[in-house]
Amino acid sequence: MDIMTLDFSSFSAEEKRELIYTLDQSLAESTTAFSFNQKILVQTLFVARSYHFYEQIFERLSLSVPLLYQEVMTYVWLYLSGDMDTAQLEGFHKATESVFTCLFTGDDEFLDEEAWEKYADEWDSVYCRFFLTDAAAPDYILEQIVSGEITWYELPDNQLFCSIGNYISDCGLEPVFQRESGGYTYSELQRHDAEVYGSHTFAEIFSLLQEDLRLVYGLKEPTKQDILKLQKEYENKGLFSQEQVIQIADSLKKFIFS
């Protein structure tokens, strides 16, 4: 299945749900002609959209984007522009990965103490931890760069698209089936996900991924000038409309600061 050319709107809600559940496989199939750096760039463009969305949210909540999130995103762009090679990234990634691991799990066996002291305090509150999962997305890209293995992990439903779906349902962007208290049965969760992924909002966001794929495919092997231009352009490309950003931020404000 070629993600670049498929007509997402023609799919049933259930078909859309199943596509997102297995999106990593479809992306791998759709990008067989892409070079390693093109695959990294596609992910970076979509994650940059997510990063800008969180910049918008943090601004609405009068918060600062945590330094860890900022710097990991910067390092991904430095690699793509050719200003930093894999060897230079390894130490930084190892340190930041240890911080994310400790923040997520409490496991400090391999914790880089210097990195922890530099980054951890900003996540020591409820409102920052709420964004922690998606803040790790650019670090997953660094992991692929360092390992030389493409996984597409941050895009399928267990990562960014799952979060996007949660905003659509939990912030009331569109009416979808949900249980306020959670505790879905299997069939209820299938219905919930189908309605989320079948929504107009999700279709619009999915089209952005298709746009990014087609852009990178058309570039062939991007030059440093291409990368720097894209980095600048994607500073202002988000995921949701401005009206939806306001609605999401207002909903989070009630939840986080209540």
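Because the structure is a prediction, the values reported are computed rather than measured.

### Description of helix α2 (residues 23–30)
Piece 1. Along α2, the positions that sit buried rather than exposed are L23, S26, L27 and S30. Seen from one end, α2 has its buried residues packed into an arc of 100 degrees, which puts them on one side.

### Quick notes on unusual backbone geometry
Piece 1. A positive phi is found at S62, a non-glycine position, where the angle reads about 60 degrees.
Piece 2. Within the fold, S62 resides in the loop between α3 (36–60) and α4 (67–80).
Piece 3. Not every positive phi belongs to a glycine, and K220 is a case in point at roughly 60 degrees.
Piece 4. Relative to the helices and strands, K220 resides in the loop between α12 (200–219) and α13 (224–233).

### A look at empty space enclosed by the protein
Piece 1. In this structure the tally under the stated criterion is one cavity of 30 Å³ or more.
Piece 2. Of the pockets and cavities examined, the largest cavity occupies roughly 30 Å³.
Piece 3. Along the walls of the largest cavity sit S50, F53, Y54, D134, L160, S163, I164, Y167 and L239, which together make up its complete lining.
Piece 4. Of all the secondary-structure elements, those providing two or more residues to the lining of the largest cavity are α3 and α10 (160–170).
Piece 5. Of all the elements, α10 adds the most residues to the lining of the largest cavity, at four residues.
Piece 6. Considered class by class, the residues forming the lining of the largest cavity number six nonpolar, two polar and one charged.

Definitions and limits used
Residues numbered from 1 in each chain as written. Predicted model: local features only at pLDDT ≥ 70, side-chain atom pairs only at ≥ 80, totals over all residues. Heavy atoms only, no water. Buried < 20%, exposed > 50% of the residue type's maximum accessible area, 1.4 Å probe, protein only. Helix = DSSP H or I, 4+ residues; strand = E, 2+ residues; numbered from the N terminus. Arc of directions from axis to C-beta. 1 Å grid on protein atoms, 1.4 Å probe; cavity = no way out; pocket = protein on both sides within 12 Å on 5 of 7 lines; lining within 4 Å. Points joined across faces, edges and corners; volume = space filled by probe spheres on them. Nonpolar A, V, L, I, M, F, W, Y, C, P; charged D, E, K, R; others polar.

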